[in-house]
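So you can see what is in the structure, the chains are spelled out below.
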Amino acid sequence: MASQDSTFLKDENVVWHPHAVTRADREKQHGHRGAVLWFTGLSGSGKSTVAGALEQALHAQGVSTYLLDGDNVRHGLCRDLGFTDDDRRENIRRVGEVAKLMVDAGQVVLTAFISPHRAERDMVRDLLEDGQFIEVFVDTPLAICEARDPKGLYKKARAGELKNFTGIDSEYQPPETPDVHLDGEQLVTHLVPQLLDVMRQRAIINP
């Protein structure tokens, strides 16, 4: 089981308080297990699109879900962070802690973050219990992502107007052994069933 101790907090007066209603109680009420599906990939790879389509499919089946999206959390929770390596690390740490709380609430959490560094993704995995973290690599070639360029970010990065942009002047470390490896050039309608099958195989949702 993941430790409740935080490497960021050493105040001995702050103690984790267990609740009478447990995660198992909440999962029983929901009718499924809590888990995190962590979508990683380059900007424009299709992470948010696939995660959103999966959430729709799960919602239609009565599964309690929440989608944490990279842009959305930077409007509030992480609005004070930039895109340096240190800020990216803190961004992912905060999201990981939020996801952990949502899993404790018995929810299926979908996250769509570039999360370019393996160490940060592993940090989130280590926050959770075995089987609660599923790393989903949306593997889309840089050339395809750049051709899509839905927000015009690659164009700005190539013009030198956007610094520290992943895939251009900032490194992306692809997962070496992702739990799920998706071909980002495939149609979303082909990818969602693959993810649902994985969730059934891992007994997160019912067959």
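Residues numbered from 1 in each chain as written. Predicted model: local features only at pLDDT ≥ 70, side-chain atom pairs only at ≥ 80, totals over all residues. Heavy atoms only, no water.

What counts here: UniProt positions are given in the numbering used here, feature names are shortened, and annotations may be inferred rather than shown by experiment.
Looking at an unreviewed UniProt entry, one finds the chain named Adenylyl-sulfate kinase, with Rahnella bonaserana as its source organism. Listed under Sequence similarities (unreviewed entry) in UniProt, the entry text for the chain is "Belongs to the APS kinase family." Recorded in UniProt for the chain, the comment headed Catalytic activity (unreviewed entry) runs: "adenosine 5'-phosphosulfate + ATP = 3'-phosphoadenylyl sulfate + ADP + H(+)".

## Observations regarding the side chain of glutamine 173
Definition in use: Elements are defined by DSSP. Helices are runs of H or I of four residues or more, strands are runs of E of two residues or more, and each kind is numbered from the N terminus. Whether a residue is buried, partly exposed or exposed follows from its accessible area with a 1.4 Å probe, protein chains only, as a fraction of its type maximum: under 20%, in between, or over 50%, in that order. Contacts described as polar in this section are N or O atom pairs within 3.5 Å, which, within protein, must combine one atom able to donate a hydrogen with one able to accept it, while residues neighboring in sequence count only if both atoms come from side chains. Every residue pair with non-hydrogen atoms within 4.5 Å of one another is taken to be in contact.
Its place among the elements puts glutamine 173 in the loop between α7 (153–158) and β5 (180–183). Look at glutamine 173 and you get buried, because its relative accessible area is 18%. Side chain to side chain, glutamine 173 and glutamate 171 meet in a polar contact 3.4 Å long. Aside from chain neighbours lying at most four places away, what touches glutamine 173 is Pro116, His117, Arg118 and Arg121.

## Focus: the nonpolar core
Applied cut-off: Working definition of a nonpolar core: buried Ala, Val, Leu, Ile, Met, Phe, Trp, Tyr and Cys residues. They are joined through side-chain atoms within 4.5 Å.
By size, the foremost hydrophobic cluster in this structure holds 25 residues, and its most contacted members are Leu37, Phe39, Leu54, Leu58 and Leu195. Here this core gets six residues from one element, more than from any other, and that element is helix α8 (residues 188–201). For leucine 54, the residues in contact, after removing those within four places along its chain, are Leu37, Phe39, Leu110, Val192, Leu195, Leu196 and Met199. Grouped together as the second largest cluster of nonpolar side chains are 17 residues, Val36, Ala99, Val109 and Leu127 included.

## Focus on the sheet that holds strand β2 (residues 65–69)
Two strands in a sheet stick together by hydrogen bonds in their backbones, pointing the same way (parallel) or opposite ways (antiparallel). In plain terms, the rule: Criterion used throughout: strands pair if DSSP finds at least two bridges between them. Fitting a line to C-alpha atoms yields each axis, with helices limited to the stretch in contact; the angle taken between N-to-C directions then spans 0 to 180 degrees.
The strand order across the open sheet built from five strands is β2-β3-β1-β4-β5, with neighbouring strands paired in parallel fashion. The open sheet is flanked by β2 and β5, the only strands paired with a single partner. Here the average twist between neighbouring strands, direction ignored, is 20°. Pairing of strand β1 (residues 35–40) with strand β4 (residues 133–139) involves five bridges; the strand directions are parallel.

## Some thoughts on the UniProt feature "binding site: ATP" (unreviewed entry) in the chain
Mapped onto the present numbering, the UniProt feature "binding site: ATP" (unreviewed entry) falls at Gly41, Leu42, Ser43, Gly44, Ser45, Gly46, Lys47 and Ser48. Relative to the assigned elements, glycine 41 resides in the loop between β1 and α2 (47–60). Its relative accessible area of 0% is what places glycine 41 among the buried residues. Contact partners of glycine 41, with chain neighbours within four places excluded, come to Lys47, Phe113, Ile114, Phe137, Val138 and Tyr172. Sequence-distant contacts of glycine 44, that is, excluding residues within four places in its chain, are made with Cys145, Arg148 and Pro150.

## Brief notes about the packing of aromatic side chains
The cut-off we apply is this: By convention, a stacked pair of Phe, Tyr or Trp rings (six-membered ring in the case of Trp) has centres within 6.5 Å and planes under 30 degrees apart, an edge-to-face pair has planes over 60 apart, and any other such pair is tilted.
Using the criterion set out here, one finds four aromatic pairs in the structure. The interplanar angle of 20° and the centroid separation of 5.6 Å between the aromatic rings of tryptophan 38 and phenylalanine 113 together place this pair among those described as stacked. Here the residue tryptophan 38 occupies a position in strand β1, and phenylalanine 113 occupies one in the loop between β3 (108–112) and α5 (118–127), the gap between them amounting to 75 residues. Classification of tryptophan 38 as buried rests on a relative accessible area of 0%. Phenylalanine 113 sits in the buried class, given a relative accessible area of 3%. Residues tyrosine 154 and phenylalanine 165 carry aromatic rings whose centres are separated by 4.9 Å and whose planes lie at 85° to one another, so their mutual orientation is edge-to-face.

## A few points about the UniProt feature "active site" (unreviewed entry) in the chain
According to UniProt, the feature "active site" (unreviewed entry) maps to Ser115 in the numbering used here. Leaving out residues up to four positions away in the same chain, serine 115 has contacts with Trp38, Thr40, Ile92, Arg121 and Tyr172. A distance of 3.0 Å separates the side chain of serine 115 from the side chain of tryptophan 38, its partner in a polar contact.

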